[in-house]
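Listed below, chain by chain, are the residues.
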Amino acid sequence: MKETDHKIFVTQPTLPNLDEFVGALTQIWGSKRITNIGQFHQEFEKQLTVYLGVKYISLFANGTLALMTAIQALGLVGEVITTPYSFVATAHSLWWNKIKPVFVDVDPVYGNLDSDKIEKAITEKTTAILPVHVYGNPCEHDKIKAIADKHNLKLIYDAAHAFRVEENGNSILNYGDLSILSFHATKVFNTIEGGAIICHDEQTKQQIDYLKNFGFAGETSIVAPGINAKMNELQAAYGILQLKAFKDHVKKRQEISFKYRELLKNIKGIRCLEDVDHVSHNYSYFPIFVDKNYLLTRDELYHKLKDNNIFGRRYFYPLISDLSIYKALPSAKHSNLTKAKKMAEQVICLPIYPELEHIYTKKIVSIIIDNYNDKKLSTNLSHFY
Ligand SMILES: *Cc1c(COP(=O)(O)O)cnc(C)c1O
């Protein structure tokens, strides 16, 4: 087997240094405190507020519980405007809160909720807007906030992809009433499983902390109908170690992204996303969009990569609004969501993670380029490496 014959997946989790993690575990074993907002949980929250440049953060067992709890904390009911172009947890969290998702189309370039189409979807039952910073690219917050303010709606960002993304030097996690993060193994920053809610004031943080721990305010005092959604000590200790290497991980992801973009830039029918002005990105995903000008269909290319042991993912396909759970909703009809549908039909996320070696980026690009048999492009490729 050649070295490049290994299976390459869309991502591979980066793990903390094992000896350091064993050191933290030894401390936990000594204290016997393995959960219930212990020392590591408190310390990780403290470090994250500084590291992310946010005021208050509350740690969760995973991102979905964080989102479900955020919706509870704001007391949302009725209808919430959201995007069909996301991971299923975005809409499912509404469903678990008995809220009807109202799908609005996305902008055709980055795939974020189209701020010009939100207002038309507002009804008397609308209580909030739930946009997603897809692939970590910031939504048009100023416009969305103006609409939310005008109609007295709450605003929650599903920022599961936006760990440490900044716009004009300010964390985009500060946008909205609340933002949620996911630290799942497949995300740019992981605590195995994990998540968080970011908020702006101490009172809201206190309420969220009650909600994630059964509503316990004291041994016999239960002040809210809470759930059990808190992060445990092992996850928190692991997360603290992960912070140390994050900047370096982003730098490696950036190098891979730039390499992909450079190599793919003249390939007819393949579109990559560009960096956004004044944004410091985390390079969490590398989506490409395959259109009719490419020699293969999106799915043919996806399977061709697979046949070559390259396991890209079609994030986000199918659209959430096409799932049987949601497709009967009036807002789920395709004529309402043409841009989202097109993106879902064109996207493949290529493998990207800090330890992905250049030999594989090169292999992946050559599989994509191969169809052209174009000497000039192959020469390009060899020069690049
Ligand atoms: C991963 C993800 C979630 C859910 O997070 P988990 O930690 O896996 O529960 C929610 N929304 C989006 C957009 C995601 O990508």
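Residues numbered from 1 in each chain as written. Predicted model: local features only at pLDDT ≥ 70, side-chain atom pairs only at ≥ 80, totals over all residues. Heavy atoms only, no water.

S.K.: In this structure, what is going on with the packing of aromatic side chains? I would like to understand it.
M.R.: Here the distance between the centres and the angle between the planes together describe a pair of aromatic rings. Summed over all chains, the structure comprises 23 aromatic pairs. Here Phe 21 and Tyr 238 contribute two aromatic rings whose centre-to-centre distance is 5.5 Å and whose plane-to-plane angle is 85°, an arrangement assigned as edge-to-face. Here Tyr 238 lies in helix H7 (residues 233-264) and Phe 21 lies in helix H1 (residues 18-31), a separation of 217 residues in the sequence. Measuring from ring centre to ring centre gives 6.0 Å for Phe 258 and Tyr 283, while their planes differ by 90°; the resulting arrangement is edge-to-face. With a gap of 25 residues between them, Phe 258 in helix H7 and Tyr 283 in the loop between strand E12 (279-280) and strand E13 (286-290) connect regions that are remote in the sequence. Using a relative accessible area of 40% as the deciding quantity, one classes Phe 258 as partly exposed. Tyr 283 sits in the buried class, given a relative accessible area of 8%. One Lys or Arg, Lys 187, reaches over the ring of Phe 87 and ends 5.6 Å from the middle of that ring. Positioned over the ring face of Phe 289 is Arg 271, at 4.5 Å from the centre of the ring. (Phe/Tyr/Trp six-rings, centres within 6.5 Å; stacked < 30°, edge-to-face > 60°. Helix = DSSP H or I, 4+ residues; strand = E, 2+ residues; numbered from the N terminus. Buried < 20%, exposed > 50% of the residue type's maximum accessible area, 1.4 Å probe, protein only. Lys NZ or Arg CZ within 6 Å of the ring centre and 35° of its normal.)

S.K.: Explain the site of the ligand to me, please; I cannot follow it from the model alone.
M.R.: Among the 15 residues in the neighbourhood of the ligand, the closest are listed as Gly 63, Thr 64, Asp 158, Ser 182 and Lys 187. A distance of 2.8 Å separates an oxygen atom of the ligand from a polar backbone atom of Gly 63. Taking His 161, its side chain carries an N or O atom lying 2.8 Å from an oxygen atom of the ligand. Under a 2 Å grid-point criterion requiring more than half of the atoms, the pocket assigned to the ligand is the largest pocket. At the level of elements, helix H3 (63-73) and helix H4 (89-96) are the ones that each hand at least two residues to the shell around the ligand. Class assignment of the residues belonging to the shell around the ligand gives a composition of four nonpolar, nine polar and two charged. (Near = heavy atom within 4 Å. Polar contact = N/O pair within 3.5 Å; in protein donor to acceptor, adjacent residues only side chain to side chain. 1 Å grid on protein atoms, 1.4 Å probe; cavity = no way out; pocket = protein on both sides within 12 Å on 5 of 7 lines; lining within 4 Å. Sits in = over half its atoms within 2 Å of the grid points. Nonpolar A, V, L, I, M, F, W, Y, C, P; charged D, E, K, R; others polar.)

S.K.: Please clarify how the packing of H7 against helix H10 (residues 358-369) should be interpreted in this entry.
M.R.: Two measures define how a pair of helices packs: the angle their axes make with one another and the distance between the axes. Relative orientation of the contacting elements H7 and H10 amounts to 25°, with a least axis distance of 10 Å. If you check the angle between H7 and H10, you find them roughly parallel. The hand of the H7/H10 crossing is right-handed. Together, Ile 256, Lys 259, Tyr 260, Leu 263 and Leu 264 of H7 and His 358, Thr 361, Ile 364, Val 365, Ile 368 and Ile 369 of H10 make up the contact between the two elements. (Axes fitted to C-alpha atoms, helices over the stretch in contact; angles between N-to-C directions. Parallel < 35°, antiparallel > 145°, perpendicular 65-115°, else oblique. Left-handed = near helix turned anticlockwise from the far one by under 90°. Contact = heavy atoms within 4.5 Å.)

S.K.: Before we go on, may I ask you to explain the nonpolar core in this structure?
M.R.: One broad rule of soluble globular proteins: the nonpolar side chains tend to lie buried together. In terms of nonpolar packing, the biggest core is built from 47 residues, with Phe 44, Leu 48, Leu 52, Ile 129, Phe 163 and Phe 183 touching the most fellow members. The set of elements that each furnish at least two residues to this core consists of H1, helix H2 (39-52), strand E2 (56-60), helix H5 (141-150), strand E6 (154-158), strand E10 (195-199) and H7. Here the element with the most residues in this core is H7; it accounts for six residues. Apart from the residues within four sequence positions on either side, Phe 163 is in contact with Leu 48, Tyr 51, Leu 52, Leu 181, Phe 183, Val 188, Phe 189, Leu 243, Phe 246 and Asn 282. Counting residues in each nonpolar core, the second largest holds 27 residues, with Ile 267, Ile 270, Cys 272 and Tyr 294 among its members. (Core = buried A, V, L, I, M, F, W, Y, C linked by side-chain atoms within 4.5 Å.)

S.K.: Mind showing me how you'd approach the packing of H3 against H4 here?
M.R.: The contact between H3 and H4 brings their axes to 9 Å, and the two run at 45°. Comparing their axes, H4 and H3 come out oblique. Crossing angle aside, the handedness with which H3 passes H4 is right-handed. Packed against H3, whose contacting residues are Thr 64, Leu 67, Met 68 and Ile 71, the element H4 presents Ala 89, Thr 90, Ser 93, Leu 94 and Trp 96 at the interface. For the contact of H3 with H4, the per-class residue count stands at six nonpolar, three polar and no charged.

S.K.: Mind showing me how you'd approach the sheet that holds strand E3 (residues 79-82) here?
M.R.: Strands belonging to one sheet form pairs held by backbone hydrogen bonds; the direction of such a pair is parallel or antiparallel. Taken together, the seven strands give an open sheet; going across it, the order is E2-E10-E9-E6-E5-E3-E4, and neighbouring strands pair in mixed fashion. Two strands bound the open sheet, and with one partner strand each, they are E2 and strand E4 (100-103). Direction aside, the axes of adjacent strands within the sheet are offset by 25° on average. The sheet contacts of H5 involve strand E5 (126-130) and E6, and relative to E6 the element is tilted by about 150°. Packing against the sheet, helix H6 (residues 202-211) makes contact with E2, strand E9 (178-182) and E10, and its axis sits at approximately 10° to E2. (Pairing = 2+ DSSP bridges.)

S.K.: How should the state of the cysteines be read in this particular structure?
M.R.: Here, the word disulfide means a covalent bond between the sulfur atoms of two cysteines. For the coordinates displayed, the defined rule picks out zero disulfides. In this structure Cys 272 is a free cysteine whose sulfur lies 11 Å from that of Cys 349, the closest cysteine sulfur available. According to the relative accessible area criterion, Cys 272 is buried, its value standing at 13%. A relative accessible area of 0% means that Cys 349 is categorised as buried. (Disulfide = S-S within 2.5 Å.)

S.K.: It is not clear to me how helix H8 (residues 298-307) should be interpreted in this structure. Could you clarify?
M.R.: Every α-helical turn comprises 3.6 residues, leaving residues that sit three or four positions apart pointing alike. Taken together, the buried positions of H8 are Arg 298, Leu 301, Tyr 302, Lys 304 and Leu 305. The buried residues of H8 occupy one face: seen down the axis, they fall within an arc of 165°. Each element contacted by the buried residues of H8 is listed here: strand E11 (270-272), E13, strand E14 (310-311), helix H9 (338-346), strand E15 (347-350) and H10. Phi turns positive, to about 70°, at Asn 309, one or two residues after H8. (Arc of directions from axis to C-beta.)

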